[in-house]
Amino acid sequence: MSDIETLERTILGEIEAAADEAALETVRVAALGKKGSVSERMKTLGGMAPEERRTAGAAINAVKDRVTEALARRRETLKAAALDARLARETVDVTLPLRPNPAAEGRIHPISQVVDELTAIFADMGFRIAEGPDIETDYYNFTALNFPVGHPAREMHDTFFFQPKTDGERMLLRTHTSPVQIRTMEREKPPIRVIIPGRTYRCDSDQTHTPMFHQVEGLVIDKTSTIGTMKWVLQEFCKAFFEVEHVEMRFRPSFFPFTEPSMEVDIRCDRSGPEIKFGEGNDWLEILGCGMVHPNVLKFGGIDPDEYQGFAWGMGIDRIAMLKYGMPDLRAFFDADARWLKHYGFRPLDLPTLFGGLSAA
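These figures come from a predicted structure and were not determined experimentally.

Draft legend 1. Seen up close, the overall build of the protein chain. Counting its secondary structure elements, the protein chain contains 12 helices and 10 strands. In terms of its C-alpha atoms, the protein chain occupies a principal-axis envelope of roughly 120 × 55 × 40 Å. Every one of the 361 residues in the protein chain was classed for burial, and the buried ones make up 39%. Within the protein chain, counting contacts between residues at least 6 apart in sequence, those at least 24 apart form 65% of the total. Approximately 20,200 Å² of the protein chain is accessible, and the part contributed by carbon and sulfur atoms is 54%. Of the side-chain charges in the protein chain, 44 are positive and 55 negative, and the distance between the mean point of each set is 6 Å.

Draft legend 2. Region of interest: the side chain of Glu136. Looking at the secondary structure, you find Glu136 in strand β2 (residues 135-136). Side-chain polar atoms of Glu136 contact the side chain of Arg183, separated by 2.8 Å. Beyond its immediate sequence surroundings of up to four residues, Glu136 is in contact with Asn141, Met171, Leu172, Arg174, Pro179 and Arg183.

Draft legend 3. Region of the structure containing the pairing of strand β4 (residues 192-201). Among the 10 residues of β4, eight are classified as buried, and the element is accordingly described as predominantly covered. Where strand β1 (residues 128-129) meets β4, two bridges bridge the pair, whose relative direction is parallel. Bridging from a neighbouring strand, Arg128 pairs with Val194 of β4. One ladder, built from 10 bridges, connects β4 with strand β5 (residues 212-222); its direction is antiparallel. Residue pairing in the sheet places Val194 in a bridge with Leu219 of β5.

Draft legend 4. Broad picture of helix α1 (residues 3-17). Taking 1.5 Å as the rise per residue, α1 with 15 residues should run 21 Å; its terminal C-alpha atoms sit 21 Å apart, in good agreement. Here α1 has its buried residues at Ile4, Leu7, Glu8, Ile11 and Ile15. When α1 is viewed along its axis, its buried side chains cluster within an angular range of 100° and face the same direction. The outward face of α1, more than 90 degrees from its buried face, is lined by the exposed residues Arg9, Glu16 and Ala17. The secondary structure elements touched by the buried residues of α1 are α2 (21-32), α3 (37-43) and α4 (50-89).

Draft legend 5. Representation of helix α11 (residues 317-325) within the structure. Where burial is concerned, most of α11 is hidden: eight out of the nine residues are buried. Of all the residues in α11, the buried ones are Ile317, Asp318, Ile320, Ala321, Met322, Leu323, Lys324 and Tyr325. Phi turns positive, to about 70°, at Gly326, one or two residues after α11.

Draft legend 6. A look at the state of the cysteines. For the structure shown, the criterion picks out zero disulfides. Its sulfur unpaired, Cys269 is 11 Å from the next cysteine sulfur, which belongs to Cys238.

Draft legend 7. Broad picture of the nonpolar core. Counting residues in each nonpolar core, the largest one holds 46 residues, and the members touching the most others are Phe237 and Trp313. Elements with a minimum of two residues in this core: α6 (110-124), β5, α9 (227-242), β7 (259-270), β9 (283-293), β10 (309-316), α11 and α12 (338-344). Here this core takes seven residues from α9, the largest share from any one element. What Trp313 contacts, discounting residues up to four positions off in sequence, is Phe122, Phe127, Ile195, Val216, Glu217, Gly218, Leu219, Val233, Leu234, Leu288, Gly289 and Cys290. Core analysis: the next-biggest nonpolar cluster, separate from the first, contains 23 residues, Phe147, Ile182, Met185 and Val293 among them.

Procedures and definitions
- Per-chain numbering applies: the sequence of each chain, read as written, is numbered from 1 onward.
- It should be noted that, the model being predicted, local features are given only for residues of pLDDT at least 70 and side-chain atom pairs only at 80 or more, the latter also being counted only at that level, while totals for whole chains, interfaces and linings use all residues.
- Side-chain measures were taken over the full set of non-hydrogen atoms in the model, leaving aside hydrogen atoms and water.
- By the criteria applied, helices consist of DSSP H or I runs no shorter than four residues and strands consist of E runs no shorter than two, each listed in order from the N terminus.
- Three exposure classes are used, based on accessible area relative to the maximum for each residue type with a 1.4 Å probe and protein chains only: buried under 20%, partly exposed in between, and exposed over 50%.
- We call two residues in contact when some of their heavy atoms are within 4.5 Å.
- Under the convention used here, a 1.4 Å probe and the Shrake-Rupley method define accessible areas, while residue burial counts only the protein chains that appear.
- Counted as positive: Lys and Arg. Counted as negative: Asp and Glu, with His and the chain ends omitted from the count.
- Charge positions are represented by NZ for Lys, CZ for Arg, CG for Asp and CD for Glu.
- Pairing of N or O atoms within 3.5 Å defines a polar contact, subject to two protein rules: one partner must be a possible hydrogen donor and the other a possible acceptor, and residues neighboring in sequence count only if both atoms are side-chain atoms.
- Strands qualify as paired when DSSP identifies two bridges or more between them.
- By definition here, a helix of n residues has an expected span of 1.5 Å times n minus one.
- Here the arc refers to the directions that run from the helix axis out to each C-beta atom.
- Any two cysteine sulfur atoms lying within 2.5 Å of each other are counted as a disulfide.
- Put simply, buried Ala, Val, Leu, Ile, Met, Phe, Trp, Tyr and Cys residues joined by side-chain atoms within 4.5 Å make one nonpolar core.

Shape is all these values report; function is a separate question.
This is the structure:
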């Protein structure tokens, strides 16, 4: 047996013995690499006689071809074996239940859902959202809203005050979202049509009150606004929000320093069963306050009350969420209980729309 035949048999044996692709690559480099055994034999051809070189060259090339083919076959065999081993190792138990989709497991908090519902309803009427700071001055929270210094209505708000500054001014946590009305009037010229959702703060806590809660207010300022326009806006809102075809509303005289005349609004409902049903029954439930913007408030906002008029309303977002979705305790809104949120929360991809449904869940 010649040297070249012995070399071929040795290399082929090493190929068959390779246990994985890494070992096979080592064999390939040792045989066909730049300094491999077959490559070294090729380098000896230059010192041979022409006739001898022709014979030896053909033999070495034939060995090289057979080694290359053997490497390819062994590589395919090893790949198939590796795939079989992986499939056996990563077997899926199809009897196990599917893992929940994160989008299906996550929940939107009812407050966020109701804010989205409010936005969808009023955006359809041409309103946009206005925002302002949670920490306010006495001027924007009270004075500019027609609460004179010493007025008893200031005491009704149970305000969280900060320590006085060096000049004696005391900042506070806003007790309502109404300061944004003044800021909006100062910043913009009529016509104005905005809603103002946001957090508010009062020193109060029980089953229907929390120190931090959410309100939404609406403000319309133009030259033709009337109480009739305000009633229509509120009626359309209630029909859309409670998703009923008809609502009956009752407007009762009331007092708010920033509106004149001022009214509280009741909606007809049925409270005979475990759930409140709107648009039917013989009961009444108060849901919001409203009125025509007081001329003094327009003046504080830099608007001439002889030329412009408007109306405003406000309601508790937490309260209307409780009424619509049957939540008995306001404090649970802020407990961060995952079980409560899973029960009352909303799927994150079901965005409220007037045509697709506000409260799809």
